[in-house]
Amino acid sequence: MKWGVLQFPGSCDERDALNACQIAGGGVNESRLVWHEETDLSGLEGIVVPGGFSYGDYLRAGAIARFSPAMTAVAEFAAAGGPVLGICNGFQVLCESGLLPGALLTNERTRFICRQGELVVGEADSPFLAGLEAGQRISIPFKHQSGRFFAPPDLLEEIEAKNQVAFRYAPGQNPNGSLNDIAGVTNEAGNVLGLMPHPEHAVEAFGGSTDGLALFRGPAPAAGAAA
Amino acid sequence: MIQARVLIRPKEGILDAQGKAVEGALPALGFEGIEHVRVGRIVELQAASADRLEELCEKLLANPLIEDFEIETVSE
């Protein structure tokens, strides 16, 4: 599957994401980085908006990246049903751009968190969750400082009612004060998914877990429709 | 040109982690009796017209889900 992995000034996990795309594709390297000024996503079957500190995260995490030319193209790609995965800073960018509901605030205890943790797969209907079952636990790294998921009460209720929760932190493992333990959500259609923890850092055995691969493998059968 | 100042603050009811951290440091520094510390930010700018400042705040300077903003025109 041909992934495009966005690269903003200040991105830092884009190469790990690209590596994850390649491993998920059985070692075939047909994915590529997409520089933030690019607008042509033709030929790409999926998009990853990676982690890091896009544009220095000035103002708010993800606030400025949202206005990059590449994100305009990603919004069109998503509207056409193309699968878009936002990880960490990518999740923040997708929330800021309105492709996903909610916002990410500074962690409750303000500290940067970096450790392995467990997530419980939610009920959301998304191509990224095709290889996972609701209720299943996966182990991937938590690595962020602004990961406290927030939505006003009415929006939170809507996210829950429409089964847009993709992942929750496992009981007792909520590291940042996220509402309802939410670690990741999807858009209503399910083709856009964002999460704070890092599946791209859990794709090779030496890291202790390969649970992250499922997200990169998920969309493959349905790919090719968009762009 | 208009000189404007935009005051952005976390919405009431949202835990302000920065404010809490600042507040938590105060007793150790000998400051007593200070509470409800909240940290926002000020953006100063010059604009040819005030027409689109509201839109600028809603789209970029503040995230209306989590922040309130006030625009103050300092001088014209």
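Structural data are supplied above this passage.
Small disclaimer: the values here were computed from a predicted structure and weren't measured.

A. Quick look at the interface of chain B and chain A. Taken residue by residue, the interface counts nine residues in chain B and twelve residues in chain A. If one sorts the elements of the side of chain B that touches chain A by residue count, helix α1 (residues 17-25) of chain B sits on top with three residues. Residue classes in the side of chain B that touches chain A are distributed as seven nonpolar, two polar and no charged.

B. A look at the environment of R109 of chain A. Residue and element names in this part refer to chain A. Within the fold, R109 resides in the loop between β5 (103-105) and β6 (113-121). Residue R109 is classed as partly exposed on the basis of its C-beta count, with 13 C-beta atoms lying within 10 Å. Taking the C-alpha atoms as reference points, R109 and P219, 110 residues apart in sequence, are found 35 Å from one another.

C. Region of interest: the sheet that holds strand β7 (residues 137-144) of chain A. All names here are of chain A. Ordered in space as β2-β1-β3-β4-β11-β10-β9-β6-β7, the nine strands form an open sheet in which the pairing is mixed. Looking along the sheet, the strands with just one partner apiece sit at the ends: β2 (32-35) and β7. For this sheet the average axis-to-axis angle between neighbouring strands, irrespective of direction, equals 25 degrees.

D. View of the sheet that holds strand β3 (residues 67-75) of chain B. Residue and element names in this part refer to chain B. One open sheet holds the three strands; their spatial order is β2-β1-β3, and the pairing between them is antiparallel. Across the chains shown, the open sheet's two edge strands, defined by having one partner strand only, are β2 (41-47) and β3. Here the average twist between neighbouring strands, direction ignored, is 20 degrees. Bridging between strand β1 (residues 2-10) and β2 involves seven bridges; their strand directions are antiparallel. Pairing of A4 across the sheet is with L45, part of β2. Across the sheet, helix α2 (residues 53-61) touches β1, β2 and β3, and the angle it forms with β3 is around 140 degrees.

E. Seen up close, unusual backbone geometry. Residue and element names in this part refer to chain A. In this model, N180 sits at a positive phi of 55 degrees, which is unusual for a non-glycine residue. With respect to the helices and strands, N180 occurs in the loop between β9 (165-169) and β10 (182-186). One non-glycine residue, D181, lies in the positive phi region at around 60 degrees. Checked against the element boundaries, D181 lands in the loop between β9 and β10. With 20 C-beta atoms packed within 10 Å, D181 lands in the buried category.

How each quantity is defined
- Residues numbered from 1 in each chain as written.
- Chains lettered and ligands numbered in written order.
- Predicted model: local features only at pLDDT ≥ 70, side-chain atom pairs only at ≥ 80, totals over all residues.
- Contact = placed C-beta atoms within 7 Å.
- Helix = DSSP H or I, 4+ residues; strand = E, 2+ residues; numbered from the N terminus.
- Nonpolar A, V, L, I, M, F, W, Y, C, P; charged D, E, K, R; others polar.
- Buried ≥ 20, exposed ≤ 12 C-beta atoms within 10 Å, placed from the backbone.
- Pairing = 2+ DSSP bridges.
- Axes fitted to C-alpha atoms, helices over the stretch in contact; angles between N-to-C directions.

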